[in-house]
Amino acid sequence: DTEAYELGVRFQADVPGYITGIRFYKGAGNTGTHIGRLWSATGTQLAQATFTSETATGWQQVNFATPVAITANTPYIASYYDPAGHFAVTRSAFATAGVDNAPLHALRDGPTGANGVYSLGGGFPSSTYGSSNYWVDVVFERDLAPDTTPPTVTGVAPGPGVTAVPTGSAVTGDFSEA
């Protein structure tokens, strides 16, 4: 298939956590600029990022600028935009079973909907065909690492009764106690 698609997977987590990025498996003919997206089950786009520095084939990964907090036991959709087709696919992959890698679960087809979702041309992937696995995955973190970056002083605002002195200026005066 050589048309543009948004290809995705429905998933949920057993525990709350953060989706920090999207992955997809790329074949040799799957060229062009790819965009990873995270969606709510109802179609609200929660995050997006453009893949860069892709290899010719294999797993590709993009990280979101800001991780997205997700709720336990709530379905989401991870997808990527494929402008040139030639995507990886395994038909009937979700027909009778999902894929479990606790705490994440790619949902099997069932009462909450079918899995292996797509949209011809892009946009929210809500159509399905043959319970297909399009080899899309999420990067999940249960807890984000604490920010250990030391603060950087970029300027100091003078307090009441204090006059700022430009950098490099000489300060003179009598600083002795009276």
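(A) Structural detail: unusual backbone geometry. Following Ala102, the chain continues into Pro103 via a peptide bond in cis, with omega recorded as 15°. Relative to the elements of secondary structure, Pro103 occurs in the loop between β7 (99-101) and β8 (104-106). At Ser53, a position not held by glycine, the phi torsion is positive, near 50°. Mapped onto the secondary structure, Ser53 falls in the loop between β4 (45-50) and β5 (58-70). One non-glycine residue, Ser92, adopts positive backbone phi at about 65°. Position of Ser92 relative to the elements: it lies in the loop between β6 (76-82) and β7. Classification of Ser92 by relative accessible area gives partly exposed; the value is 48%.

(B) Region of interest: the packing of aromatic side chains. Counted by the stated rule, this structure contains 8 aromatic pairs. Geometrically, the ring pair formed by Phe24 and Tyr80 is stacked, given 3.9 Å between the ring centres and 15° between the ring planes. Here Phe24, found in strand β2 (residues 17-26), pairs with Tyr80, found in strand β6; they are 56 residues apart in sequence, far enough to count as distant. Each member of the pair, Phe24 as well as Tyr80, is classed as buried. Taken together, the aromatic side chains of Tyr5, Phe87, Tyr118 and Tyr134 make up a single cluster linked through ring pairs.

(C) How the structure looks around the environment of Pro67. Along the chain, Pro67 turns up in strand β5. Judged by relative accessible area, which is 30%, Pro67 ranks as partly exposed. Pro67 sits 73 residues away from Phe140 along the chain, and the two C-alpha atoms are 9.2 Å apart. Discounting residues that sit within four places of it in the chain, Pro67 has contacts with Tyr18, Ile19, Thr20 and Leu144.

Calculation rules
- Residues numbered from 1 in each chain as written.
- Predicted model: local features only at pLDDT ≥ 70, side-chain atom pairs only at ≥ 80, totals over all residues.
- Heavy atoms only, no water.
- Helix = DSSP H or I, 4+ residues; strand = E, 2+ residues; numbered from the N terminus.
- Buried < 20%, exposed > 50% of the residue type's maximum accessible area, 1.4 Å probe, protein only.
- Phe/Tyr/Trp six-rings, centres within 6.5 Å; stacked < 30°, edge-to-face > 60°.
- Contact = heavy atoms within 4.5 Å.

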